[in-house]
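So you can see what is in the structure, the chains are spelled out below.
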Amino acid sequence: MKVVVACGALALHIDQIARRRGWELEVRPLPPELHNRPERIRPAVDAAGGDLVAYADCGTRGALDDLPRLGGADCYQLFGGMEHEHGTYYLTDFLVRSFDRLVWRGLGLDRHPELRDDYFRNYERVVWLAQRRTPELEERAEAAAARLRLPLEIRETGDAGLEHALERLLQEA
């Protein structure tokens, strides 16, 4: 059985994909809050042990490149299959569900809402890369975009991009 050290935002998807495909994987999720401090991702990955790393670069500036890991700059590329679009703030299903904890409170906007403009003034829209669109998640994505005072665009992506990247990673390992 291979051990996959995974970003907490991807761990559930990876576990579901592995079960569906019959892959024997042990998924060890790391806290998604590490994205707010990418310099802490590599030490956390090393401490968790494992055979494979289910992170893209995620702001580590190449610190994971010597490990067998998912390709790409971040999970938005994995899910959306595209390059970043200027002025776009991306959400995944995970970020929609955890927006208040990871974004709003994580950036201190609950205590200092005046910082919203400092953090988000250069964004023109929010794009939700919907892996599994539901009315509840759509409502939460709309609420997140409204809090950021940005229009919402929804793109239904599913998790096929992540599945293909994970399959490549397993084949290369």
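Above this text sits the structure in question.
Here is a short report on the structure shown in this document. Because the structure is predicted, anything quoted here is derived from the model rather than measured.

Reading guide: rules and limits
Residues numbered from 1 in each chain as written. Predicted model: local features only at pLDDT ≥ 70, side-chain atom pairs only at ≥ 80, totals over all residues. Heavy atoms only, no water. Helix = DSSP H or I, 4+ residues; strand = E, 2+ residues; numbered from the N terminus. Rg over C-alpha atoms; globule rule 2.2 N^0.38 Å. Contact = heavy atoms within 4.5 Å. Areas by Shrake-Rupley, 256 points an atom, 1.4 Å probe, with all protein chains shown as cover. Buried < 20%, exposed > 50% of the residue type's maximum accessible area, 1.4 Å probe, protein only. Polar contact = N/O pair within 3.5 Å; in protein donor to acceptor, adjacent residues only side chain to side chain.

This brings us to the overall build of the protein. Within the protein, the secondary structure is distributed over eight helices and six strands. The order of α-helices and β-strands along the protein, N terminus first, is β-α-β-α-β-α-β-α-α-α-β-α-β-α. Its C-alpha radius of gyration of 16 Å places the protein within 12% of the 16 Å reference for a compact globule of 173 residues. Along the first, second and third principal axes, the C-alpha atoms of the protein reach 45 × 30 × 25 Å. Taking as baseline every contact in the protein between residues at least 6 positions apart, the subset at least 24 positions apart corresponds to 59%. In the structure as shown, the protein presents an accessible area of about 9,000 Å², 48% of it carried by carbon and sulfur atoms.

Glancing now at the side chain of D159. Structurally, the position occupied by D159 is in the loop between β6 (152-156) and α8 (160-172). On the basis of relative accessibility, which here comes to 9%, the residue D159 falls in the buried class. There is a polar contact of 3.4 Å between the side chain of D159 and the side chain of R132. D159 has contacts with H13, I17, R20, F79 and R132, leaving out every residue within four places of it along the chain.

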